[in-house]
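A closer look at the structure
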Amino acid sequence: MNKQQIISNTETFVKTTLKNAEGGHDWFHILRVWNNSKLIAQHENVDLFIVELGALLHDIADSKFHNGDETIGPKIARNFLKSQQINTEIITHVEHIISNISFKGGNFEQKFTSPELDVVQDADRLDAIGAIGIARCFNYGGYKNRPLYNPEIPPKLNQTKEEYKNSKAPTINHFYEKLLLLKDKMNTKTGRRLAEERHLYMEQFLTQFYNEWDGLK
């Protein structure tokens, strides 16, 4: 089976698996990350096949929708890739991308690095900021029935992994606990350039939000 056929099969598998997923972690999120990964990869010395597989499978079973179990995604990916008769080295690399891509509160010690992970991680983080990042943030907040904002509940910075996973804080807090931190965590030159504009958009949004909240505009 050639690489293009495997990528096509992976696309079909992911579309089917995520057909009922929450709107911020659905097939269209995967598609945007896939496209961003290919864009960033043009300027990096990477194995594009691994980048594409990692992008397509990175959220095949996000732990936040599986009681925090971080092993499900890599297992599903491994079983699928084995069915495509991909060699073990590539399968293991993709598993490592899935296991290490997440923010997890910012204090997560990444146990694996590779240029391919750098690309997919940047692409995933780009989808968490800017206009789409804002939309996804409030979509998930609504899914979890969180308040938009509560001035009496300040953001909690430097959370542990468990605190981050178990947080029930208002949606606006997530900007300070994660989204506004991502610009400075980009791995690639292209990722940093794209993140700058999206970061600025979020800052402008927050200014407008607080002005409206306080009745100033």
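Residues numbered from 1 in each chain as written. Predicted model: local features only at pLDDT ≥ 70, side-chain atom pairs only at ≥ 80, totals over all residues. Heavy atoms only, no water.

An unreviewed UniProt entry lists the protein under the name HD domain protein, with hydrothermal vent metagenome as the source organism.

Glancing now at the domain arrangement of the protein. Each assigned domain of the protein is listed with its residue range as follows: domain 1 (1-106) and domain 2 (129-216). Summarising the inter-unit geometry, the C-alpha centres of domain 1 and domain 2 are found 24 Å apart. The interface of domain 1 with domain 2 comprises 19 residues on the first partner and 20 residues on the second. Surface buried jointly by domain 1 and domain 2 totals about 1600 Å² across both partners, of which 61% is contributed by carbon and sulfur atoms. Across the domain 1-domain 2 interface, the total number found is zero salt bridges. Our enumeration of links across domain 1 and domain 2 arrives at one residue pair in polar contact (both at pLDDT 80 or more). (Domains from an automatic or database assignment. Contact = heavy atoms within 4.5 Å. Buried area = accessible area lost by both parts, 1.4 Å probe. Salt bridge = Lys/Arg side-chain N within 4 Å of Asp/Glu carboxyl O. Polar contact = N/O pair within 3.5 Å; in protein donor to acceptor, adjacent residues only side chain to side chain.)

Across all of its chains, the model carries five salt bridges by this definition. Across the salt bridge formed by R32 and D127, the nearest N and O atoms sit 2.6 Å from each other. Of this pair, R32 sits in helix α2 (residues 27-41) while D127 sits in the loop between α6 (115-126) and α7 (130-143), and the two are 95 residues apart along the sequence. Note that K183 and D184 form a salt bridge whose closest N and O atoms lie 3.0 Å from each other. When salt bridges that share partners are traced, they join R32, D127 and R136 into one network. (Helix = DSSP H or I, 4+ residues; strand = E, 2+ residues; numbered from the N terminus.)

With their axes 10 Å apart at the nearest point, helix α5 (residues 88-100) and α6 run at an angle of 40° to one another. In terms of axis orientation, α5 runs oblique to α6. Like other packed secondary-structure pairs, α5 and α6 cross with a definite hand, here right-handed. Contacts between α5 and α6 involve H93, I97 and N100 on the former and, on the latter, E116, L117, V120 and Q121. (Axes fitted to C-alpha atoms, helices over the stretch in contact; angles between N-to-C directions. Parallel < 35°, antiparallel > 145°, perpendicular 65-115°, else oblique. Left-handed = near helix turned anticlockwise from the far one by under 90°.)

All right, on to the side chain of S167 then. For S167, the location among the structural elements is in the loop between α8 (161-166) and α9 (171-177). A polar contact of 3.2 Å, which involves the side chain of S167, links it to the backbone nitrogen of A169. Setting aside residues up to four positions removed in sequence, S167 forms contacts with R146, Q159 and E177.

This brings us to α2. Over its 15 residues, α2 runs 21 Å from end to end, which matches the ideal 21 Å to within 8%, given 1.5 Å per residue. Listing the buried residues of α2 in full gives W27, H29, I30, V33, W34, N36, S37, I40 and A41. Against α1 (3-17), α3 (48-57), α6, α7 and α10 (189-213) lie the buried residues of α2. (Expected span 1.5 Å × (residues − 1). Buried < 20%, exposed > 50% of the residue type's maximum accessible area, 1.4 Å probe, protein only.)

Going through the model one piece at a time under the given rule, you end up with 12 aromatic pairs. Considering the side-chain rings of F138 and F175, the 6.1 Å spacing of their centres and the 50° angle between planes classify their relative orientation as tilted. On the criterion of sequence distance, the pair formed by F138 in helix α7 and F175 in helix α9 is long-range, its members being 37 residues apart. Given a relative accessible area of 0%, F175 falls into the buried group. The structure contains a cluster of three or more aromatic residues connected by ring pairs, namely F138, Y149, F175, F205, F209, Y210 and W213. One cation-aromatic arrangement involves K38 over W34; the distance from NZ or CZ to the ring centre is 4.1 Å. (Phe/Tyr/Trp six-rings, centres within 6.5 Å; stacked < 30°, edge-to-face > 60°. Lys NZ or Arg CZ within 6 Å of the ring centre and 35° of its normal.)

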